[in-house]
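Residue strings, one per chain:
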Protein chains: 2
Amino acid sequence: MDNYKQFLIFFFLALAVGFGSIAFVLIWVLYNREGLGWDGGAAEFNWHPLLMVIGFIFLQGIAIVVYRLPWTWSCSKKMMKFIHAGLHVLTFILAVISVVAVFDFHNAKNIPNMYSLHSWVGLAAVILYSAQIVMGIAVYLIPETPVYVRAALMPVHIYSGLFIFTSVIATALMGFTEKLIFGLKSPAYKDSPPEAILVNFLGLLVTAFGGLVLWIATRPSWKRPTEEIARSVGSSSTSQEVFNTDTAVTRITHLDLETRRRNGKAEESG
Amino acid sequence: MDNYKQFLIFFFLALAVGFGSIAFVLIWVLYNREGLGWDGGAAEFNWHPLLMVIGFIFLQGIAIVVYRLPWTWSCSKKMMKFIHAGLHVLTFILAVISVVAVFDFHNAKNIPNMYSLHSWVGLAAVILYSAQIVMGIAVYLIPETPVYVRAALMPVHIYSGLFIFTSVIATALMGFTEKLIFGLKSPAYKDSPPEAILVNFLGLLVTAFGGLVLWIATRPSWKRPTEEIARSVGSSSTSQEVFNTDTAVTRITHLDLETRRRNGKAEESG
């Protein structure tokens, strides 16, 4: 099957699973739990899973793969960097609001903060994420940073980003586990009431979303073409044409993808 | 710093963190918990975290990076494949014994099996792992499998392996969370007794081990050289010489590493 079609299948599958996760967490907090509010009670706590799934999982995943979307390859690299950074900053803001919600809830109920492995890994992820954003802006958005510094730090930037994203998903799985044990009393979690099944499936959905984003992000043949190809495409086609499978951009894209697919395979067949 | 020294630092750091994880889980089950036994009670349950950390986390991690060890590059690729497969099979056996221990414990105590997200993701990981081993043997150890099939499936084999390994670590983090909530009553998990702190640090250690293994496994410049270079090395040096930094193997290795490092950077600097 054509490489471009394969990409589309994986990307739209990731979108479907991502929106599915958001739907499941919404059903959980609105239907099984106490809804949403900002009163120091359970309804305030519920912002925590909701905003984490929308932001730290879904939006962060989209921010990670945004360079891979072929219909953005006619946009300048600089604009795509701003979109990538902007989505990450938005994610960070949602994560901070989400953390405030859970601290407020704990303080109102006299529950200690930061005692669980969930909170340790989660706070580490938030701190590393803020460092990643600051480093990313300093290295890749400030024009004065020399190219050799950008090149030297790119593998670290990519790895850290994927590591933080994966840690966030692991943290979510611990969070679901905690909430199901503490929140379900009679019937308890071990009696598998409908809420337990729903949230277990939510856990499988965010795991699958993570797996799809990591697959898309690590395929060499799905990378954005080099800036020279992207520029030559940008000057000879409108954004409308980019979507048209008969234009030059698509032909260049497909050729480029095919070449890289073959190179990738030759390299990996050892 | 020299690429070879960098590899050694990361590899020995991974070993140290891995052995640290095993030490922490041993202290947990022997000192804080009920020790080890096979009686359907708590001592039988304790084999579950112990064997999972030793096998599904530590041994699987070593199996993943075993091709990266420069002192194995004079061994034939076939022998390294058997070591890689052997370590994974050993891991699978330990994982199965570990799962039997927890089912026995649940059945003896009338606790339902397979209700938690931990058990769902964990069982999925065990099943996917067995499929990965069967596929790996069929594709890469049976000589009749055509080279184009091996090449086509290599990206899937690598990705699935790393995905399963990461899922296992996420499952361990959920398992630690469950056991701390159920096992600690007075003082409870939220009161942060020494056992809670110990197991939280165990969680950080296995996360760090996972991060190190993923970093080592995904550096293109640390890959085993192509079979041609490995063969020419194998015929001209003994295994003793491989450890000597002045031999041909090291020079070839360093040249190869340096070339691949530059290629990798050029590709990633965009």
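This text gives an overview of the structure that appears in the document. (Residues numbered from 1 in each chain as written. Chains lettered and ligands numbered in written order. Predicted model: local features only at pLDDT ≥ 70, side-chain atom pairs only at ≥ 80, totals over all residues. Heavy atoms only, no water.)

### Observations concerning the pattern of salt bridges
Residues and elements named next belong to chain A.
So, point 1. Within the structure shown, the criterion is met by 6 salt bridges over all chains.
So, point 2. Here Lys 190 and Asp 191 are joined by a salt bridge, their closest N and O atoms 3.7 Å apart.
So, point 3. Since its relative accessible area comes to 44%, Asp 191 is described here as partly exposed.
So, point 4. Within this structure, Arg 33, Glu 34 and Glu 195 form a network of salt bridges that share partners. (Salt bridge = Lys/Arg side-chain N within 4 Å of Asp/Glu carboxyl O. Buried < 20%, exposed > 50% of the residue type's maximum accessible area, 1.4 Å probe, protein only.)

### Here we look at a nonpolar patch on the surface
Residues and elements named next belong to chain A.
So, point 1. On the surface, Trp 38, Val 89, Ile 93, Val 96, Ile 97, Val 100, Ile 137 and Ile 142 cluster together into a nonpolar patch covering about 610 Å² of accessible area.
So, point 2. By secondary structure assignment, the location of Trp 38 is in the loop between helix H1 (3-32) and helix H2 (42-45).
So, point 3. Taking the relative accessible area as the measure of exposure, Trp 38 reaches 46% and is therefore partly exposed. (Patch = residues over 30% accessible without salt bridge, like charges linked within 9 Å, V, L, I, M, F, W, Y side chains within 5 Å. Areas by Shrake-Rupley, 256 points an atom, 1.4 Å probe, with all protein chains shown as cover. Helix = DSSP H or I, 4+ residues; strand = E, 2+ residues; numbered from the N terminus.)

### Description of the packing of aromatic side chains
So, point 1. In this structure the tally under the stated criterion is 36 aromatic pairs over all chains.
So, point 2. Summarising the aromatic geometry, the rings of Tyr 189 of chain A and Tyr 115 of chain B are spaced 5.1 Å apart at their centres and angled 85 degrees between planes, so their arrangement reads as edge-to-face. Placement of Tyr 189 of chain A in the loop between helix H6 (147-183) and helix H7 (194-217) and of Tyr 115 of chain B in the loop between helix H4 (77-109) and helix H5 (117-140) is noted, with the two residues assigned to different chains. We note that Tyr 189 of chain A, like Tyr 115 of chain B, is buried.
So, point 3. Ring centres of Phe 165 of chain B and Phe 209 of chain B lie 6.4 Å apart, and the angle between their planes is 70 degrees; this geometry places the pair in the edge-to-face category. Of this pair, Phe 165 of chain B sits in helix H6 (residues 147-183) while Phe 209 of chain B sits in helix H7 (residues 194-217), and the two are 44 residues apart along the sequence.
So, point 4. The class of Phe 165 of chain B is buried, set by a relative accessible area of 0%.
So, point 5. Taking relative accessible area as the criterion, Phe 209 of chain B reaches 1% and is therefore assigned buried.
So, point 6. Grouping aromatic residues by their ring pairs yields a cluster made of Phe 7, Phe 10, Phe 11, Phe 12, Trp 71, Trp 215 and Trp 222 of chain A together with Tyr 159 and Phe 163 of chain B.
So, point 7. In this arrangement the basic side chain of Arg 219 of chain A is found over the ring face of Trp 215 of chain A, its NZ or CZ atom lying 3.7 Å from the centre.
So, point 8. Seen from the ring of Phe 45 of chain B, Lys 179 of chain B lies directly overhead, with NZ or CZ sitting 4.1 Å from the centre. (Phe/Tyr/Trp six-rings, centres within 6.5 Å; stacked < 30°, edge-to-face > 60°. Lys NZ or Arg CZ within 6 Å of the ring centre and 35° of its normal.)

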